Amino acid sequence: MKASTPVCLRALLATASLGACLGLSTPAAAGEPSGKAPVAVITPAPEEPWVHALFQLDISDHYITPRGLNVENEGVIFQPLFLVFWNLYSDKDAGFLTDVTLTTGVWSSIHTHESGADPGYWNEFDPILGLTFKFAGGFTLDTTFTSFESMVDSYPTSTHFEAKLSFDDSKYLGKFALNPWIAFWQELDEKATVVFDTSTSDSSFYFTIGIKPSFKLKNLTFEFPTSINLVGDEFYQQFDGSPGGSGLAVFSTGVKVSVPLTFVPKDLGFWTAYAGVKYYHLDNQGLLDGNSVLTPNEHREDLVQFHGGISIFF
């Protein structure tokens with residue numbers, strides 16, 4: 001039997017009322033506004049990678065160690081460095097410790113001029129292991145274990161430990177920041193310097209006090225690293241086997257100019273080219289005696305090194 005029109009209308013109104021009570025709605029027709037504001041889609045920020053890497057290739061006319069040893073002064077010296085940084089902890093809002101990073105890597109010195117007890121071109125290989133702690137207020141503590149392995153059999157493999165405390169004072173001094181630091185370096189096994197008499201040689205240490213002021217001029221960065229080494233009495237050794245003497249042994253300063261290579265796609269890392277010059281003044285008889293053996297044609301108290309290279313950070 002066909003329902004009457006009033007009954008159908010009442011049924012339709014009842015259904016619509018029930019739907020409203022239950023919170024139901026019918027979809028809007030295509031192209032018609034639904035009457036609701038669109039839901040914003042929040043895209044989470046990409047997480048910071050917990051592993052980074054640095055490759056650096058330094059090219060120079062001398063191999064002079066931070067301890068003032070003039071290892072090589074002929075030909076061209078290539079010194080590649082590869083480091084991997086493993087972030088173990090990071091909390092920028094922490095009140096004390098904000099970051100802990102493990103560093104692993106290797107460094108080498110490769111020369112175009114053969115040298116060493118068993119002459120060769122690959123002069124040295126150094127494994128590196130370290131932990132870096134960053135603290136609130138701009139302080140950073142680097143602790144590093146290194147080994148020096150002579151690939152030309154010039155000395156026994158030595159191991160060492162360094163603790164370096166640096167301070168970022170740019171918050172207070174702005175563009176006149178000095179970035180001061182102090183380090184303690186200790187021989188653990190075998191000597192890291194020239195030994196003339198093993199019977200009178202003993203492990204020793206030195207302190208380094210330095211600054212690293214810098215400023216930017218457009219896209220160029222100028223750095224002026226300057227430091228002094230204060231050594232223990234037996235860190236170096238003289239010809240006759242006696243201690244080299246304590247106190248100030250090495251003063252170094254220099255200038256380094258670097259520029260980012262912005263034409264390299266960021267997918268390939270952040271590339272930087274640099275060039276600079278370093279000056280060393282040596283003030284320890286044991287150090288001078290050792291250098292007279294390493295480089296007999298350059299037995300001087302004042303040394304100059306020219307260098308340049310490229311670094312890539314991933």
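Residues numbered from 1 in each chain as written. Predicted model: local features only at pLDDT ≥ 70, side-chain atom pairs only at ≥ 80, totals over all residues. Heavy atoms only, no water.

1. Here's the deal with the overall build of the chain
- Tallying secondary structure elements over the chain gives 3 helices and 16 strands in all.
- The proportion of buried residues among the 314 residues of the chain is 34%.
- Across the chain, contacts joining residues at least 24 apart in sequence account for 56% of those joining residues at least 6 apart.
- Accessible area for the chain stands at about 18600 Å²; split by element, carbon and sulfur atoms hold 65% of it. (Helix = DSSP H or I, 4+ residues; strand = E, 2+ residues; numbered from the N terminus. Buried < 20%, exposed > 50% of the residue type's maximum accessible area, 1.4 Å probe, protein only. Contact = heavy atoms within 4.5 Å. Areas by Shrake-Rupley, 256 points an atom, 1.4 Å probe, with all protein chains shown as cover.)

2. Points about the pairing of strand β8 (residues 158–167)
- With 10 bridges connecting them, strand β7 (residues 139–150) and β8 associate as antiparallel partners. Paired with Thr 146 across the strands is His 160, a residue of β8.
- Pairing of β8 with strand β9 (residues 181–189), which is carried by 8 bridges, proceeds in the antiparallel orientation. Residue pairing across strands places Leu 165 opposite Ile 182, the latter belonging to β9. (Pairing = 2+ DSSP bridges.)

3. Examining unusual backbone geometry
- The phi dihedral of Asp 153 falls on the positive side, at around 55°, and the residue is not glycine.
- By the element assignment, Asp 153 lies in the loop between β7 and β8.
- The exposed category is assigned to Asp 153, whose relative accessible area is 54%.
- Phi is positive for Glu 190, which is not a glycine, with a value near 65°.
- Along the chain, the position of Glu 190 falls in the loop between β9 and β10 (205–211).

4. Some thoughts on the pattern of salt bridges
- A full pass over the atoms with the stated rule returns 3 salt bridges.
- With a closest N to O distance of 2.9 Å, Glu 187 and Lys 191 form a salt bridge.
- You can call Lys 191 buried: its relative accessible area is 11%.
- Two residues, Lys 212 and Glu 223, come together in a salt bridge whose shortest N-O distance is 3.4 Å. (Salt bridge = Lys/Arg side-chain N within 4 Å of Asp/Glu carboxyl O.)

5. What to know about the nonpolar core
- Residues Tyr 236, Val 250 and Leu 282 are the most contacted members of the largest nonpolar core, which totals 25 residues.
- Residue assignment for this core shows that the elements contributing at least two residues are β2 (63–64), β4 (77–90), β14 (247–260), β15 (270–282) and α3 (285–294).
- Per-element accounting of this core gives the leading share, 3 residues, to β4.
- Other than its neighbours up to four places away in sequence, Tyr 236 contacts Arg 67, Thr 193, Val 231, Pro 243, Gly 244, Ala 249, Val 250, Asn 284, Gly 286 and Leu 287. (Core = buried A, V, L, I, M, F, W, Y, C linked by side-chain atoms within 4.5 Å.)

6. Concerning the packing of aromatic side chains
- All chains considered together, the criterion is met by 20 aromatic pairs.
- With 5.2 Å between their ring centres and 25° between their planes, Trp 185 and Tyr 206 make a pair best called stacked. Taken as a pair, Trp 185 in strand β9 and Tyr 206 in strand β10 lie far apart in primary sequence, 21 residues in all. Considered together, Trp 185 and Tyr 206 belong to a single accessibility category, that of buried residues.
- The structure contains a cluster of three or more aromatic residues connected by ring pairs, namely Phe 148, Trp 185, Tyr 206, Phe 235 and Tyr 236.
- Its guanidinium or amino end placed over the ring of Tyr 274, Lys 256 lies 4.4 Å from that ring's centre, counting from NZ or CZ. (Phe/Tyr/Trp six-rings, centres within 6.5 Å; stacked < 30°, edge-to-face > 60°. Lys NZ or Arg CZ within 6 Å of the ring centre and 35° of its normal.)

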